[in-house]
Amino acid sequence: FLGFLAVVHRFEKVLVHSPLNLNQKLIEWILGRDYDISIHDYSWTCPRVHLYVDKGVYCRENLEDCNACIRINEPHRGARDLVRRAGFDVDLYRADLARVVAGAGRVFCGANDVKDRLERHGFRGNYRVTPHPLLDGANHHPLRMRRDPAGKIRVGVFGAISDIKGFYTSLR
């Protein structure tokens with residue numbers, strides 16, 4: 001960890017993509033730097049990341065339900081340390097991360113929904129709502145695939161895809 005800090009200490013600007021796997025030492029280090037945040041999911045407000053309980057059902061974001069949820073369903077493995085540090089109190093988890101959001105030079109969100117949700121949970125920041133750009137030419141090439149005699153469609157997925165983002169749907 002100290003070797004990592006020795007290297008990144010020379011950075012003029014830091015871009016934080018997620019609170020997952022942050023520990024208190026790293027949070028304190030970030031707070032002492034010039035940094036921006038790019039919000040990709042709801043892990044700042046939800047220790048399970050995607051605001052759902054079992055089988056992709058929306059949780060309704062009620063704080064009492066959140067505290068019960070992380071006791072029953074387990075927080076995301078990358079949020080476990082922060083949740084434990086907060087005594088399994090989601091309000092304290094959010095308060096700790098709200099300090100990081102408040103200290104950022106800019107907080108980039110891909111949609112107003114993300115910004116609005118963060119603000120509803122007490123996160124104040126210098127928000128910039130900037131939809132994710134389409135890659136130039138991404139929609140200009142028709143999909144070519146060989147027809148499977150049984151009618152199956154073959155799909156390649158690079159990286160990981162969770163059940164909330166359609167894993168089980170893609171298997172059908």
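Definitions and cut-offs
Residues numbered from 1 in each chain as written. Predicted model: local features only at pLDDT ≥ 70, side-chain atom pairs only at ≥ 80, totals over all residues. Heavy atoms only, no water. Helix = DSSP H or I, 4+ residues; strand = E, 2+ residues; numbered from the N terminus. Axes fitted to C-alpha atoms, helices over the stretch in contact; angles between N-to-C directions. Parallel < 35°, antiparallel > 145°, perpendicular 65-115°, else oblique. Left-handed = near helix turned anticlockwise from the far one by under 90°. Contact = heavy atoms within 4.5 Å. Buried < 20%, exposed > 50% of the residue type's maximum accessible area, 1.4 Å probe, protein only. Arc of directions from axis to C-beta. Polar contact = N/O pair within 3.5 Å; in protein donor to acceptor, adjacent residues only side chain to side chain. Salt bridge = Lys/Arg side-chain N within 4 Å of Asp/Glu carboxyl O. pLDDT = per-residue confidence, 0-100.

1. With respect to the environment of Val100
Logical step 1: The residue Val100 is located in helix α5 (residues 90-103) in this model.
Logical step 2: As a C-alpha pair, Val100 and Arg124 span 24 residues in sequence and 9.8 Å in three-dimensional space.

2. Looking at the packing of helix α2 (residues 24-31) against α5
Logical step 1: Packing of α2 against α5 brings their axes to within 9 Å, and their N-to-C directions diverge by 25°. Classified by the angle their axes make, α2 and α5 are roughly parallel. The handedness of the crossing between α2 and α5 comes out as left-handed. Taking contact as the criterion, the partners of Gln24, Ile27, Glu28, Ile30 and Leu31 in α2 are, on α5, Asp96, Leu97, Arg99 and Val100.

3. Some remarks on helix α3 (residues 63-72)
Logical step 1: The set of residues buried in α3 consists of Cys66, Asn67, Cys69 and Ile70. Seen from one end, α3 has its buried residues packed into an arc of 160°, which puts them on one side. Set apart from the buried face of α3 by more than 90 degrees, the exposed residues are Glu64, Arg71 and Ile72.
Logical step 2: In this fold, the buried residues of α3 make contact with α4 (80-85) and α5.
Logical step 3: Its side-chain oxygen at 2.9 Å from the backbone nitrogen of Glu64, Asn62 defines the N-terminal cap of α3.
Logical step 4: Count one or two residues on from α3 and you reach Glu74, which has phi positive near 70°.

4. Let's talk about the pattern of salt bridges
Any two side chains of opposite charge can pair, so long as their charged atoms come close to each other.
Logical step 1: In total, this model carries eleven salt bridges according to the counting rule given.
Logical step 2: Its salt-bridge partner being Lys115, residue Asp116 comes within 3.4 Å of it at the nearest N-O pair.
Logical step 3: Note on Asp116: relative accessible area 34%, which makes it partly exposed.
Logical step 4: One network of salt bridges, in which partners are shared, links Lys13, Asp34, Asp36 and Arg106.

5. A look at the confidence of the model for the protein chain
Logical step 1: Per-residue confidence for the protein chain gives a mean pLDDT of 81; residues scoring 70 or more make up 73%.
Logical step 2: By mean pLDDT, the top-scoring element of the protein chain is strand β4 (residues 127-129) (96), and the lowest-scoring one is helix α1 (residues 2-8) (54).

6. As for α2
Logical step 1: Within the sequence span of α2, burial applies to Gln24, Leu26, Ile27, Trp29 and Ile30.
Logical step 2: In this structure Asn23 caps α2, since a side-chain oxygen of it lies 3.1 Å from the backbone nitrogen of Lys25.

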